[in-house]
Amino acid sequence: MSESNRKPLFNSNRTIVWVFVGAVLVAGLLLILPLYMQNCLTKLYSKSNELTYEIGQLQRQRTLQELEINKLSSLENLAGFADSVGLDLNGVPTKVRVTGAP
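Bear in mind that the values here come from a model prediction, so they are computed numbers and not experimental data. (Residues numbered from 1 in each chain as written. Predicted model: local features only at pLDDT ≥ 70, side-chain atom pairs only at ≥ 80, totals over all residues. Heavy atoms only, no water.)

Some words on the overall build of the protein chain
And then number 1: A tally of helices and strands in the protein chain yields 2 helices and 0 strands.
And then number 2: Split into buried and exposed, the 102 residues of the protein chain put 1% on the buried side. (Helix = DSSP H or I, 4+ residues; strand = E, 2+ residues; numbered from the N terminus. Buried < 20%, exposed > 50% of the residue type's maximum accessible area, 1.4 Å probe, protein only.)

Here you go:
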């Protein structure tokens, strides 16, 4: 082929401008992408800290409830409750007579 039949890569100023605008957009995206990723990572760390705090509070409440259950199920507490309602569990047991037997 002769040189007169070959088409140049950039045949007009308009093509050169579009290539330049495209390159600027790609460069801008490449510069903004790390900032966007850092913001996303910061939000994730913030949410992780909030959830960790909430987990700690829930575990604290669970431990306090277990302590309350242990306190309520202790023998001293049950004996006090029995005395207050008149069950008298600490009294001397009475012998029950079997009925219906010869």
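What to know about the pattern of salt bridges
And then number 1: Scanning the entire structure with this criterion turns up 1 salt bridge.
And then number 2: The partner of Arg-62 in a salt bridge is Glu-66, and the shortest N-O contact between them spans 3.3 Å. Taken as a pair, Arg-62 and Glu-66 lie in helix 1 (residues 13-72) at a separation of 4 residues, close to a single helical turn.
And then number 3: Look at Arg-62 and you get exposed, because its relative accessible area is 54%.
And then number 4: Judged by its relative accessible area of 38%, Glu-66 is partly exposed. (Salt bridge = Lys/Arg side-chain N within 4 Å of Asp/Glu carboxyl O.)

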